[in-house]
Amino acid sequence: MDNTTFVCSNCGAVHLLTEAFSMNGKYICEECLQAYTHVCESCGNRVWDADTVSDGNIVICRSCYESRYTHCCECDRLILSESAYYDDDEEPYCHNCREQTMRLIRDRRKICVNDKNCGNEKHRLSQEWE
Ligand SMILES: [Zn+2]
Ligand SMILES: [Zn+2]
Ligand SMILES: [Zn+2]
């Protein structure tokens, strides 16, 4: 080992120093960088895959998830807490699911108008949202 190479702290292989990437103060090789790390779509920091949260759509780091994101209770999509819609049960919805749920509630309501025995509380939910 001379000063033009380094040992990847992840896979242990020797690589050229010019191919080193710094991860939290440790050097890793490009293969490991591609295979085991991700750039958070929210804050732009590169983090280990184990420290990410994904919905199959976007990948964000755990700290962004914990401080700013939540999962839509319908489709499981990651959404910013501040742009999520909450129903009476404090369940978060993404924009799409909110639209769909509202449509569904409206349709159900039409049925309920004709059925005075319907006691489902969910059918009155949309009054809060409109
Ligand atoms: Zn490596
Ligand atoms: Zn982040
Ligand atoms: Zn959704």
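Quick notes on the rules
Residues numbered from 1 in each chain as written. Chains lettered and ligands numbered in written order. Predicted model: local features only at pLDDT ≥ 70, side-chain atom pairs only at ≥ 80, totals over all residues. Helix = DSSP H or I, 4+ residues; strand = E, 2+ residues; numbered from the N terminus. Buried ≥ 20, exposed ≤ 12 C-beta atoms within 10 Å, placed from the backbone. Contact = placed C-beta atoms within 7 Å. Core = buried A, V, L, I, M, F, W, Y, C linked by C-beta atoms within 7 Å. pLDDT = per-residue confidence, 0-100.

Student: Talk me through the overall build of the chain; I want residue IDs and the actual numbers.
Tutor: Looking only at helices and strands, the chain has four helices and twelve strands in total. For the chain, buried positions account for 16% of its 130 residues. Put simply, of all contacts in the chain between residues at least 6 apart along the chain, 9% involve residues at least 24 apart.

Student: Tell me about the environment of Glu82, and name the residues and values.
Tutor: Of note, Glu82 is situated in the loop between β10 (78–80) and β11 (85–86). Since 8 C-beta atoms lie within 10 Å of it, Glu82 is described here as exposed. Between the C-alpha atom of Glu82 and that of Arg68, which follows or precedes it by 14 residues, the distance is 7.6 Å.

Student: Please set out the nonpolar core residue by residue, giving values where relevant.
Tutor: One finds Ile60, Ile79 and Cys94 to be the most contacted residues of the largest nonpolar core, which totals 13 residues. Every element with two or more residues in this core is listed here: β8 (59–61) and β10. When neighbours within four sequence positions are excluded, Cys94 is seen to be in contact with Cys72, Cys75, Arg77, Ile79 and Ala84.

Student: Lay out the confidence of the model for the chain with the relevant residues and their values.
Tutor: When pLDDT drops low, the exact placement of atoms in the prediction is not to be read closely. Per-residue pLDDT for the chain has a mean of 87; in total, 84% of the residues score no lower than 70. Considering only residues more than four positions removed or in separate chains, one finds that residues 125–130, a stretch of pLDDT under 50, has nine contacts.

Student: Go over unusual backbone geometry with me, naming the residues and quoting the values.
Tutor: Residues other than glycine seldom take positive phi values, yet Asn24 does so here, at roughly 50°. Within the secondary structure layout, Asn24 lies in the loop between β3 (21–23) and β4 (26–28). Using a count of 9 C-beta atoms within 10 Å as the deciding quantity, one classes Asn24 as exposed. Its identity as a non-glycine residue notwithstanding, Asp76 has a phi of 70°, on the positive side. Mapped onto the secondary structure, Asp76 falls in the loop between β9 (69–71) and β10.

Student: Explain the environment of Thr52 residue by residue, including any values.
Tutor: In this structure, Thr52 sits in strand β7 (residues 52–54). Its 19 C-beta neighbours within 10 Å are what place Thr52 among the partly exposed residues. Separated by 15 residues in the primary sequence, Thr52 and Thr37 place their C-alpha atoms 8.8 Å from one another. In this structure, Thr52 is in contact with His38, Val47, Val59, Ile60, Cys61 and Arg62, ignoring residues within four places of it in sequence.

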